[in-house]
Amino acid sequence: MIEIDRITKVYNGAPAVDAVSMTAESGTITVIVGTSGSGKTTLLRMINRLEEPTSGEVRINGESTLSTKPHLLRRRIGYVIQGHGLFPHHTVARNIGAVPRLLNWPKDKIRARVDELLTLFSMEPEQFRDRFPAELSGGQQQRVGVARALASRPDLLLMDEPFGALDPIIRARAQDDLRQIQRALGSTIMLVTHDMEEAIRLGDRVAVMDEGSLVQHGSPAEIVARPASPFVADMVGGMERPLRLLSLVPLSEVVEDGDAPGDALPEDCSLRDALSACLWTGRTAVPVEREGALIGRVTLEAIRARAELSA
Ligand code: ADP
Ligand code: MG
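Residues numbered from 1 in each chain as written. Chains lettered and ligands numbered in written order. Predicted model: local features only at pLDDT ≥ 70, side-chain atom pairs only at ≥ 80, totals over all residues. Heavy atoms only, no water.

A. Spotlight on the overall build of the chain. Across its full length, the chain carries 13 helices and 13 strands. Against the 2.2 N^0.38 benchmark of 19 Å for 311 residues, the chain shows a C-alpha radius of gyration of 21 Å, consistent with a compact globule. Residues classed as buried in the chain amount to 50% of the 311 residues present. Considering only contacts in the chain between residues 6 or more positions apart, those separated by 24 or more positions represent 67%. (Helix = DSSP H or I, 4+ residues; strand = E, 2+ residues; numbered from the N terminus. Rg over C-alpha atoms; globule rule 2.2 N^0.38 Å. Buried < 20%, exposed > 50% of the residue type's maximum accessible area, 1.4 Å probe, protein only. Contact = heavy atoms within 4.5 Å.)

What follows is the structure, given as structure tokens:
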């Protein structure tokens, strides 16, 4: 468990992060979302002590990060930034094995871990372990960057706008991969983004920052359904478009277990309401009605795609 306890950073008399408190359960993804300058990077860098807090503290599994030397702490906390940050003159295997080597893992254990991670990231070890970063695509470099950060089984993985440099199609794929790998490994992740859509897609919990303060912390469904302030509502913005703009799929085409009588969405509700209905009930599609008659189903995928386009 990660506990952030009234952590504050003051630069030149002004707080960049102002008494932020939140708790993240082990094995979950928390996405910290906010506009540029809201203090997201500063918050993340105080967790691994790349920045020292002005006040407040962070505890990992009950232990204050202040009780460990920063360079040792950072071996237990993976850190991924925009762009992959790989060592260009080291092979993929050497890049991924960097922290395990520092921790003096035996060679065969490092090699096994490298191959395990490459396989998990759908990169055939035989084919990729001896390549250099320049011999990989952008998406592959990004995956190796994440694999490297996960190699020593860190207590926590911090990711600062990790997908910012990827084009939108690869980006969606990278988000799905991360989600799947996080589930497979049970990793605890804190990820920073300015993109609310990414936050909703990836987060078990979403933390919204505005001008250094945490303005809302909750599940994606809560953020979407009950934004705590006009600022949060604005970030969820594109979602206010009417559902009727989306094409529906025939009722027979998507079968959902969770349908209950009377839970159809009116055609004139917003994308936000539709997304909220899906997320609350854990369904990937919900029925839509017009004047009391079911006219089709809207899919979670279609709602997300449209909200992204209009953002
Ligand atoms: P975000 O990652 O959300 O864009 P940052 O955490 O980078 O925001 O920055 C938050 C605020 O703190 C900004 O106003 C920024 O100018 C200021 N800031 C960040 N780092 C420093 C620093 N090293 N010295 C002075 N001000 C800083
Ligand atoms: Mg930043």
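Still more ground to cover, so stick around.
B. Fine view of the pattern of salt bridges. The tally for this structure, following the rule as stated, stands at 15 salt bridges. Glu 3 serves as the salt-bridge partner of Arg 59, at 3.5 Å between the closest nitrogen and oxygen. Residue Arg 59 is found in strand β4 (residues 55–60), and its partner Glu 3 is found in strand β1 (residues 2–11); the two are separated by 56 residues along the sequence. Each of the two residues, Arg 59 as well as Glu 3, counts as buried. We note a salt bridge from Asp 115 to Arg 129, for which the minimum N-O separation is 2.9 Å. Residue Asp 115 is found in helix α5 (residues 107–120), and its partner Arg 129 is found in the loop between α6 (125–128) and α7 (138–150); the two are separated by 14 residues along the sequence. For Asp 115, a relative accessible area of 19% puts it in the buried group. (Salt bridge = Lys/Arg side-chain N within 4 Å of Asp/Glu carboxyl O.)

C. Quick look at the sheet that holds strand β5 (residues 63–64). Pairing is antiparallel across the open sheet formed by four strands, whose spatial order is β2-β1-β4-β5. Two strands bound the open sheet, and with one partner strand each, they are β2 (14–24) and β5. Inspection of the sheet shows β4 paired to β5 by two bridges, in the antiparallel sense. Considered in β5, the bridge of Arg 59 is made with Ser 64. (Pairing = 2+ DSSP bridges.)

D. Local environment of the sheet that holds strand β7 (residues 156–160). Strand order in the open sheet formed by six strands is β6-β7-β8-β3-β9-β10, with mixed pairing between adjacent strands. Among the strands making up the open sheet, the edge pair consists of β6 (77–81) and β10 (213–218). Each neighbouring strand pair of the sheet contributes to a mean axis angle of 15°, computed without reference to strand direction. As defined by bridge partners, β6 adjoins β7 across five bridges and the pair is classed as parallel. Bridge assignment links Val 80 to a residue of β7, and that residue is Met 159. Here helix α1 (residues 40–47) sits on the sheet and contacts β3 (29–33), β6, β7, β8 (189–193) and β9 (205–210); the angle it forms with β7, its principal contact strand, is near 155°. Packed on one face of the sheet, α7 meets β6 and β7 and runs near 165° to β6. (Axes fitted to C-alpha atoms, helices over the stretch in contact; angles between N-to-C directions.)

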